[in-house]
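# Structural overview
So the chains spell out like this:
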Amino acid sequence: MGIFDGLPVSSDKAYLREEISRIDESWATARFDSLPHVVHILTSKDREGEVQFLKEQSDIIEEVVDEVVHAYHSGFNKAIQNYSQILRLFSESTESIAVLKVDLADAKKRLSARNKQLHQLWYRSVTLRHIISLLDQIEGIAKVPSRIEKLIAEKQFYAAVQVHVQSTLMLEREGLQTVGALQDVRSELTKLRGVLFYKVLEDLHAHLYNKGEYSSAASSVHERDDEVPTTTAVAFVNNSQPLSRRTRLMKGDSQIGIHVDGSYRPGSVDGGSSFDGHDEEGALELPDDATSDGHMASIRVNGGDGIPKDFKMVSRQMPIWLSNSTPDEFLEAIKKSDAPLHVKYLQTMVECLCMLGKVAAAGAIICQRLRPTIHDIITSKIKAHAELLNCSRSGIGQGDRTVTAGLHLLKGQFQSFQLQKQKRQNGMSLVGTLSAVSPVSSVMGPRGKAQSAAMELLDSILDTIVRIFENHVVVGEILESKSTHQIEMNTPRSLPTDWNPDSEASQVTGGYNIGFSLTVFQSECQQFICEILRATPEAASADAAVQTARLASKAPSKEKRDRSDDGLTFAFRFTDATVSIPNQGVDLIRQGWSRRGPNVSQEGYGSAAVLPEQGIYLAASTYRPVLQFTDKVASMLPKKYAQLGNDGLLTFVENFVKDHFLPTMFVDYRKSVQQAISSPAAFRPRAHTGATYTPLVEKGRPVLQGLLAIDFLAKEVLGWAHAMPKFAGDLAKYVQTFLERTYERCRTSYMEAVLEKQSYMLIGRNDIEKLMRVDPASSYLPNPLGQSNMDDNASDAESVEVELELSNLLLALRPIKQENLIRDDNKLILLASLSDSLEYVADSIERLGQTTSRASQAEENPKHRHTRTSSAPTRDLASFADEYRKLAIDCLKVLRVEMQLETIFHMQEMTNREYLEDQDAEEPDDFIISLTAQITRRDEEMAPFVASLKRNYIFGGICSIAANASVKALADMKSINLFGVQQICRNSIALEQALAAIPSINSEAVQQRLDHVRTYYELLNMPFEALLAFIMEHERLFTAAEYAYLLKVQVPGREIPADAQDRISEILSH
């Protein structure tokens, strides 16, 4: 863009733009230098032409300048005209101002002449206005009492208090103090102040205990769940005092300011304001669709943990009880607050008390009424529950039962310890048998009706107490915040060293604070729990060990086992004197400060009408409700009161359980265990003849009564542990003690059956014990849950070799003496039953250990502070299961070896007789008949007590021993004939039939082994040459020694060459 662009050149002179654009821009520089142009012209060849070109450019520029001047000429003219007009107006204004000055001077002279007269008129008008204002005020104040009474009747307490405070301040104004006509009004206002105070206090008291119109329990009775509401009071001041978690969550932008002197400051009160607290134009109007519930709008939001939750949010509109109130800071804060409806109402009532200046008196009365009220609430709750039970028993109120059930049952608390109430097949009632074993009745057991009823009742009452305490936290924090502000303003800068702000705050609030209310709540709950446990404050300082020794020396009584009437007592009592009594209101609360108020009934709470039984064993049902109560209370408490929540009711329950309940339980269960294992029937096998074994106790598994009782008691004790996880370690130690004592008794019974018997001594030998461990039959022995003893790698040859080696060791013990055998079948049946019972208890203990481990892992949650932290009891239970299982295995081993020794004892008769029969006998030998009869009899007797696999193990070793003994018996024979061979074969057939009759034994294996015996003896009927041919074909069927025995025995009619042994050896050596 050129420097000459934008010049105002007309369209008919457009050629000038082209001409001027040809001019070099160097002519338009700021500092023009003519020397270069002069030199250029002088040095040019055509000087005249260059000069002429410059003249033409000069003409063009002049023509352009002329066009620009013509274009701006009209604008210059207009500007000059405007300046002329402005100058004219200024001149006229100067003249007018001069005239105005003259007029003002004249007015000043005239006004100064009448100044005194005007001043008198103004003063008279002000006096008249003031008189009219006073008359209006007197007229308005005269109507205030009726106005206040009307508002009280409508329960518009805040508006009534506003009117009262405004009217009281108005009566204190100068000019109205001396008006005699207002004395009656003053007197009425004084009376109304007291009426207002008691009305507000009564309404506050009702809402504190959820009995008011706007209480949370009344507004959400059908919507409440098990969780404690997460809303609380809104902070009234912004100070350094730590607030509770609930308060901090709701503080937000809803802080309500108060005045530093703690008094109420009304709105602007001037001559034109109304004195009845109501402004027609400024009155708040509720919408047509407004309801008295504070416009609760249900919305769905996400909870803090990301889980959607339904909850009620209060819309930010003025509550109905503030509809007639004059707008002020408090009303604005209430309108902006997100607090629930009942919290807003409590805030309003407390604000009313502050405006009336009755905080200390109200606090004193609340303190006085606190304990009697809580006592009455607990009592009424119990009575209501008792009426519900009576209605349900009589069939009345069936339709209301689903609504008023209210108290939830135990859900899955002891599912792992459940015993089905079925009858055993042998005719004995399982539940009836076990109920006589427990030291407590079925009603007081871990799953008893008394436990569930006590837990339901305590859950309901503690839940009610928590909801009431929530209101006390709201009121307590508001009062403490106000008292703190008042103390800060009234405290001098230099404080004495012994100054206590908490004491000052307590005096301001009449002794009422959160700590006091929590202490009283926990004290009453403690008294209620004491009534349930039948605990008295007598013998309070008795040491737990002394209590245990004293109880252990007492004779067991079934009627008193589950009661605490035996003198078991404690000395845990909360004191209420945790805060100082203020000077104001001492007379009101002096009696209520004592251990119990005068209005509290001394007969207790009446829990006996609800609970089937009472006693110390109900301590288990109180632990979890108290733990949940403590956690809920701790979540509501401010930090300064946190220790009260930790050292309160839960500490009492834990100390009671540790010092009294656990020692009592140990003594009672120890006596029950001792009785169970020492009774004559404890280790007496009982079952119907011919009954079959079943693995389920409920269907008739014949577990020994003593061990069945111990298993029941162990499960019951661990059932108590499940109810009180913190003490699970102690209870597990109790179980270990009982199991250890029972194991010793089982070991004693086992030793009584096997003492000095050869079978018992043999299983203790290292060589035999080692062989029995690798014997394939050991796979039938008991093994831990989920494990197997089967060795899939063992070959048939290895199995035969182990059996043969073990058989040789046992046969080497011949002759077997009868006194070294267990001849009493009852002892053998006892060993069989003891083995199965021990295995049952071992499996049960192992399952209990696994269940306890899972329960402990579930309990070890960061949210719960009172759980066990060690898994040692679980490992100990597993070790006890191993010990019981080892003893069960020893019983089976003794039975197996015993049957093998019995077989050897009978078979050794073969070596004492000659098988040279004259004729073919029709029956087996007597010792075979005796052996088979004994096998059959013992199998039938043991069948109901052991499983089929265990019977296979017991009787499975007979076949190999009999076969080996029969083959080896030939070595001791001198001669045998054909009838003798047939007799031995008949013996083997009889033995085969007896063993095959046992269902659990493999008949094919028995037949194979005894066929081996028959084949061996039938070789005696062959000529020598046929024997050589057989040996050549079956050289591995028998050993060289066994083939040699065939040649050694004398067989009538058979010729044996002199080199027979050499020829057989030659064949076997290839």
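Calculation notes
Within each chain, residues carry numbers counting from 1 in the order of the written sequence. Under the rules for a predicted model, residues below a pLDDT of 70 receive no local features and side-chain atom pairs below 80 are neither given nor counted, while totals for whole chains, interfaces and linings still include all residues. In computing side-chain values, all of the structure's heavy atoms are included and hydrogens and water are not. Helix numbers and strand numbers start at the N terminus; a helix is a DSSP run of H or I with at least 4 residues, a strand a run of E with at least 2. Here the term buried applies to any residue with accessible area under 20% of the maximum for its type, exposed to any over 50%, and partly exposed to those in between, with areas from a 1.4 Å probe on protein chains only. Working rule for contacts: check all heavy atoms of both residues, and any pair within 4.5 Å makes them a contact. Note on areas: Shrake-Rupley with a 1.4 Å probe; residue coverage comes only from the protein chains shown. Two joining distances apply to patches: 9 Å for like charges and 5 Å for nonpolar side chains (Val, Leu, Ile, Met, Phe, Trp, Tyr), and every residue must have over 30% relative accessible area and no salt bridge. A carboxyl oxygen of Asp or Glu within 4 Å of a side-chain nitrogen of Lys or Arg is what we treat as a salt bridge. We call Phe, Tyr and Trp rings a pair once their centres come within 6.5 Å, taking the six-membered ring for Trp, and we label the pair stacked below 30 degrees between planes, edge-to-face above 60, and tilted otherwise. In this analysis the charged atom, NZ for Lys or CZ for Arg, is taken to sit over a ring once it is within 6 Å of the ring centre and within 35 degrees of the ring normal. Helix axes are fitted to C-alpha atoms over the stretch in contact, other axes to C-alpha atoms as well, and angles between N-to-C directions run from 0 to 180 degrees. Under this scheme an angle from 65 to 115 degrees is roughly perpendicular, one under 35 degrees roughly parallel, and one over 145 degrees roughly antiparallel; angles in between are oblique. All amino acids are sorted into three groups, where Ala, Val, Leu, Ile, Met, Phe, Trp, Tyr, Cys and Pro are nonpolar, Asp, Glu, Lys and Arg are charged, and the leftover types, Gly among them, are polar. The distinction between a cavity and a pocket rests on a 1 Å grid over the protein atoms alone: a 1.4 Å probe fits inside a cavity but cannot get out, while a pocket stays open yet meets protein on both sides within 12 Å along at least five of seven lines, and a residue with an atom within 4 Å of a point counts as lining. Grid points are joined across faces, edges and corners, and a volume is the space filled by probe spheres set on the points. pLDDT measures the predictor's confidence residue by residue and takes values from 0 up to 100. Each helix should span, by expectation, one fewer than its residue count multiplied by 1.5 Å. Crossing chirality is assigned from the near helix's rotation relative to the far helix, an anticlockwise turn below a right angle marking it left-handed and a clockwise turn marking it right-handed. Throughout, nonpolar core names a set of buried Ala, Val, Leu, Ile, Met, Phe, Trp, Tyr and Cys residues whose side chains join them through atoms within 4.5 Å. For this text, the term disulfide refers to a pair of cysteine sulfurs within 2.5 Å.

### So, the overall build of the chain
A tally of helices and strands in the chain yields 37 helices and two strands. Taken over 1070 residues, the chain has a buried fraction of 47%. The long-range fraction of contacts in the chain, counting pairs at least 24 apart against all pairs at least 6 apart in sequence, stands at 80%. By element, 52% of the accessible surface of the chain is carried by carbon and sulfur atoms, the whole surface being about 54200 Å².

### A look at unusual backbone geometry
Looking along the chain, the bond that leaves Arg814 and enters Pro815 is cis, with omega of 5°. Within the secondary structure, Pro815 is located in the loop between helix H27 (796–811) and helix H28 (825–859). Not every positive phi belongs to a glycine, and Lys155 is a case in point at roughly 60°. Checked against the element boundaries, Lys155 lands in the loop between helix H5 (144–153) and helix H6 (157–171). Lys155 sits in the partly exposed class, given a relative accessible area of 43%.

### Quick look at a nonpolar patch on the surface
A grouping of Ile61, Val65 and Val69 is seen on the molecular surface, where their side chains present a nonpolar patch of about 240 Å² in accessible area. Among the secondary structure elements, Val69 is positioned in helix H3 (residues 47–113).

### Observations regarding the packing of aromatic side chains
Scanning the entire structure with this criterion turns up 19 aromatic pairs. Ring geometry for Phe197 versus Tyr198: centroids 5.0 Å apart, planes at 65°, classification edge-to-face. Classification of Tyr198 by relative accessible area gives partly exposed; the value is 46%. A centroid spacing of 5.5 Å and a plane angle of 85° characterise the contact between Tyr617 and Phe661, whose relative ring orientation is edge-to-face. Of this pair, Tyr617 sits in the loop between helix H19 (586–589) and helix H20 (619–636) while Phe661 sits in helix H22 (residues 649–678), and the two are 44 residues apart along the sequence. Pair check on accessibility: Tyr617 and Phe661 agree, each one buried. Within the aromatic cluster, the residues linked to one another by ring pairs are Tyr1016, Tyr1017, Phe1038 and Tyr1043. Between the NZ or CZ atom of Lys358 and the centre of the ring of Phe197, over which it lies, the distance is 5.2 Å. The cationic tip of Arg896 hangs over the ring face of Tyr953; the distance from NZ or CZ to the ring centre is 4.8 Å.

### Some details on the packing of helix H30 (residues 926–942) against helix H33 (residues 978–996)
Between H30 and H33, the shortest axis-to-axis distance is 9 Å and the interhelical angle comes to 5°. Between H30 and H33, the angle is such that the two are roughly parallel. Listed contacts from H33 to Phe927, Ile928, Leu931, Thr932, Ile935 and Thr936 of H30 are Asn987, Ala990, Leu991, Ala994 and Leu995. For the contact of H30 with H33, the residue count by class is eight nonpolar, three polar and no charged.

### Some points on the pattern of salt bridges
Here the structure, examined in full by the defined rule, presents 28 salt bridges. Asp825 is the partner of Arg938 in a salt bridge, and the nearest nitrogen-oxygen pair spans 3.1 Å. Of this pair, Arg938 sits in helix H30 while Asp825 sits in helix H28, placing them 113 residues apart in sequence. You'll find Arg938 and Asp825 in the same group, each marked buried.

### Remarks on empty space enclosed by the protein
Per the counting criterion, the structure on display carries six cavities of 30 Å³ or more. Roughly 60 Å³ of internal volume is contained in the second largest cavity. Met907, Met910, Ile928, Ala962, Ser966, Ile984, Asn987, Ser988, Leu991, Leu1010 and Val1013 together form the lining of the second largest cavity. For the lining of the second largest cavity, the secondary structure elements donating two or more residues are helix H32 (958–969), H33 and helix H34 (1003–1018). Broken down by element, the residue count for the lining of the second largest cavity peaks at four residues, all from H33. Within the lining of the second largest cavity, the residues separate by chemical class into eight nonpolar, three polar and no charged.

### A word on the environment of Ser672
Mapped onto the elements, Ser672 comes out in helix H22. Sequence separation between Ser672 and Ala709 is 37 residues; the distance between their C-alpha atoms is 8.9 Å. When sequence neighbours within four positions are dropped, the list of residues in contact with Ser672 reads Val437, Ser438, Pro439 and Leu713.

### Focus on the confidence of the model for the chain
Per-residue confidence for the chain gives a mean pLDDT of 75; residues scoring 70 or more make up 72%. Confidence drops under pLDDT 50 across residues 396–428; counting only partners more than four residues distant or on other chains, this segment forms 55 contacts.

### Structural notes on H6
The first and last C-alpha atoms of H6 sit 21 Å apart over 15 residues, in line with the 21 Å expected at 1.5 Å per residue. Of all 15 residues in H6, 13 are buried; the element is thus mostly enclosed.

### Side note on the packing of helix H36 (residues 1040–1048) against helix H37 (residues 1060–1069)
Packing of H36 against H37 brings their axes to within 11 Å, and their N-to-C directions diverge by 155°. Of the possible angle classes, the one that applies to H36 and H37 is roughly antiparallel. Judged by the sense of rotation from one axis to the other, the crossing of H36 with H37 is right-handed. Between H36 and H37, the residues in contact are Ala1040, Tyr1043, Ala1044 and Leu1047 and Ala1060, Gln1061, Ile1064 and Leu1068, respectively. Of the residues in the contact of H36 with H37, the class split is seven nonpolar, one polar and no charged.

### Notes on the nonpolar core
Across soluble globular proteins, you tend to see nonpolar side chains buried next to one another. Grouped together as the largest cluster of nonpolar side chains are 242 residues, with contacts concentrated most on Phe661 and Tyr1017. It is helix H29 (residues 872–907) that provides the largest number of residues to this core, a total of 17 residues. In contact with Phe661, other than residues within four places in its own chain, are Ile616, Tyr617, Ala619, Ala620, Phe656, Trp720 and Met724.

### Let's talk about H20
When the terminal C-alpha atoms of H20 are compared, their 26 Å separation across 18 residues agrees well with the 26 Å that a helix rising 1.5 Å per residue should span. Counting buried residues along H20, 13 of its 18 residues qualify, which places the element largely inside the surrounding structure.

### Observations concerning the side chain of His207
Tracing the sequence through the fold places His207 in helix H7 (residues 183–208). When sequence neighbours within four positions are dropped, the list of residues in contact with His207 reads Gly212, Glu213, Tyr214, Ser215, Tyr345, Leu346 and Asn471.

### Some details on the state of the cysteines
Inspection of the entire model under this criterion finds zero disulfides. Take Cys352: it sits in no disulfide, and the sulfur closest to it among the cysteines is that of Cys354, at 9.2 Å. The exposure class assigned to Cys352 is buried, which follows from its relative accessible area of 0%.

### Considering the environment of Glu941
Of note, Glu941 is situated in helix H30. Sequence-wise, Glu941 and Ile829 are 112 residues apart; in three dimensions their C-alpha atoms are separated by 6.8 Å.

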